[in-house]
Amino acid sequence: MAGGIPPQPEIQIQVHSRKGGNSIYPVEPTATTTTGGGPGFYREIKYFKKWFPWLIPTFVIVNVVTFLVTMYVNNCPHNSVSCLAGFLGRFSFQPFSENPLLGPSSNTLEKMGALDVNKVVHKHQGWRLITCMWLHGGVFHLLANMLSLLVIGIRLEREFGFVRIGLLYIIAGLGGSLFSALFIKSNISVGASGALFGLLGSMLSELIINWTIYANKLAVLVTLMVIIVINLAVGILPHVDNFAHIGGFMSGFLLGFVFLIRPQFGWVSQRYASSAYSSRSAKPKFKVYQMVLWVISVILLIIGFTAGLVMLFRGVDLNDHCPWCHYMSCLPTSRWSCNTEPVSCMSEQTSNQLTLTCSNSNKTRSYSLSNPNTSQIQGLCSRLCR
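Okay, so let's go over this structure. (Residues numbered from 1 in each chain as written. Predicted model: local features only at pLDDT ≥ 70, side-chain atom pairs only at ≥ 80, totals over all residues. Heavy atoms only, no water.)

**Topic: the sheet that holds strand β5 (residues 345-350)**
Here is step 1: Read from one edge to the other, the open sheet built from 3 strands follows the order β5-β6-β7, with strand pairing classed as antiparallel. Where the open sheet ends on each side, the last strands, each with one partner, are β5 and β7 (364-368). Strand-to-strand twist across the sheet, computed as the mean angle between neighbouring axes with direction ignored, equals 20 degrees.
Here is step 2: Strand direction decides the pairing type here: β5 and strand β6 (residues 353-358), joined by 6 bridges, are antiparallel. What sits directly across from Gln 349, in β6, is Leu 354.
Here is step 3: Sitting on the sheet, helix α14 (residues 374-385) is in contact with β5, β6 and β7, with an inclination near 45 degrees to β6. (Pairing = 2+ DSSP bridges. Helix = DSSP H or I, 4+ residues; strand = E, 2+ residues; numbered from the N terminus. Axes fitted to C-alpha atoms, helices over the stretch in contact; angles between N-to-C directions. Contact = heavy atoms within 4.5 Å.)

**Concerning the side chain of Ser 329**
Here is step 1: With respect to the helices and strands, the residue Ser 329 is situated in the loop between α13 (288-313) and β5.
Here is step 2: Exposure remark for Ser 329: the relative accessible area of 8% places this residue in the buried category.
Here is step 3: At 3.2 Å, the side chain of Ser 329 and the backbone oxygen of Val 240 are in polar contact.
Here is step 4: Apart from the residues within four sequence positions on either side, Ser 329 is in contact with Gly 235, Ile 236, Leu 237, Val 240, Asp 241, Asn 242 and Phe 243. (Buried < 20%, exposed > 50% of the residue type's maximum accessible area, 1.4 Å probe, protein only. Polar contact = N/O pair within 3.5 Å; in protein donor to acceptor, adjacent residues only side chain to side chain.)

**Looking at the pairing of β7**
Here is step 1: With 5 bridges connecting them, β6 and β7 associate as antiparallel partners. When the bridges of β7 are listed, Thr 357 appears paired with Thr 364.
Here is step 2: Between β6 and the antiparallel strand that follows it, β7, lie 5 residues; Asn 362 among them carries a positive phi value of about 65 degrees.

**Some words on the packing of helix α1 (residues 55-74) against helix α6 (residues 139-160)**
Here is step 1: Here α1 crosses α6 at 165 degrees, and the two axes come no closer than 8 Å. By the angle between their axes, α1 is roughly antiparallel relative to α6. Two packed elements cross with a definite hand, and for α1 against α6 that hand is right-handed. Residues Leu 55, Ile 56, Pro 57, Phe 59, Val 60, Asn 63, Val 64 and Phe 67 of α1 lie in contact with α6, whose contacting residues are Val 139, Leu 142, Met 146, Leu 149, Leu 150, Gly 153, Ile 154 and Glu 157. (Parallel < 35°, antiparallel > 145°, perpendicular 65-115°, else oblique. Left-handed = near helix turned anticlockwise from the far one by under 90°.)

**Thoughts on helix α8 (residues 193-209)**
Here is step 1: Over its 17 residues, α8 extends 24 Å from the first C-alpha to the last, a length consistent with the 24 Å expected when each residue adds 1.5 Å.
Here is step 2: Burial of α8 is extensive: 16 of the 17 residues sit out of reach of the surface. (Expected span 1.5 Å × (residues − 1).)

**Topic: the pattern of salt bridges**
Here is step 1: What the rule picks out here adds up to 3 salt bridges.
Here is step 2: In this structure, Lys 119 and Glu 110 form a salt bridge, with 2.9 Å as the shortest nitrogen-oxygen distance.
Here is step 3: With a relative accessible area of 18%, Lys 119 lands in the buried category.
Here is step 4: When the shortest N-O distance is used, the salt bridge between Arg 262 and Glu 159 registers 2.9 Å. With Arg 262 in the loop between α10 (242-259) and α11 (265-271) and Glu 159 in helix α6, this residue pair connects regions lying 103 residues apart in the sequence. Summarising the burial analysis for this pair, Arg 262 and Glu 159 share the class buried. (Salt bridge = Lys/Arg side-chain N within 4 Å of Asp/Glu carboxyl O.)

Structure, rendered in C-alpha cells:
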C-alpha cells in the first residue's frame, strides 16, 4: 500500500539441540536467494553464532605436555629405590604404594608448582595458585580431568567463544585454589578440577540467567543438578581436594551470570529490523532479573576474591572457624581414613644400611642403601608411613 510501512524481513527462529534440551535462537536473513526463486539463505547473527572451539583442545594439550615434563623431571629410576613400569625409563612411575594414580612423587609436584600454602604465604609464591591448575597427580587423574574438559569445555566454547570461556576457566580455577588454600594447610594440591567444576557451575547459572530461551528447561535443570551432586559427592573420598571443587564451582556459578548472559529475542529481532519498525516496539536487551543477577554476581565475586586473598596472606585457617567443614572434603568410614597429616621419618645411616623410623606411627624398617639422596629417603618414608 502506498505511503505504508514497507514489509520487514522476517526474523527466523531455529531450534538446536543443546544440553539435553532445545535452545532457540534467531538467524539473520541475507540478501542472497537460491536459484529458482527458493527461500533465501540464513546465517546466525553474532549474538548467537557458533564458534570454532580451539582454546579448550589447546588447554588439554598444555596439560598433557606439562604432565610429560613433570614425569621427565621426576626421573624415578634416579630418585627412587623402585619404580613402576621401569621400561619407560625416566618417565616411569613412582611405586603404586606411594602414588596409586600412576604419576610422580609429591616432591616433584612441589618443584613444578603445586599449591603449597606455606610457600604461598611465607615465601610469596602466589603464582602457585595458578600453576597448580596445570599439574596432575598421575595418569588416572589426568585422563579423568581431560576427558571431562573436552566434553564440557568444547560445548561451552562453541556456544560462547574462547574469550569468555577462557577467562571463566582461569578465574574459576583460581577460585578453587584459593578456597582450597584456606582449608588445606599441610598438604600440596594439584589438578584442573577446580576449573572444571567452574565450567560445570557456569552451565547451571547460564541456564538460570537465560531461562526464557530454553525449552525442556526443568528436565535440563534436573539433569545438571544430578551431575553436579554426583561429582561433588565423589569429593568426599580420601586424597581428593573437594575444597577446590567447591570453590571452583561457586566461582564458576557466579561467573556464568556475568559472562554467559544472552540478549532477549525481542531485542535481537528489533536490532535487525528497520528503524521504522524498531522505533514502534523498542525492547530492552536484557530482562530485569538478568541485570539483577549480573550485578549481584559481580559484587559477590569482588567481595569473595578480595576477602579470600586477604585471609590467605594473613594466615587464616578456616578450619578454626568451621570445625565440621573438613567433612566436606573427606568423610571417614570403616573402609578408609581421612588422616592427611604430612609424614616424616627419622633416618640413620650405618655403612650400607639405611634405617627409617616413621614419626607418625613409630614403624621402623631397614634398607640396603649406601649414600641415598633426599628424594629416595622421602619416597621410602612415604611408603613406610602409609
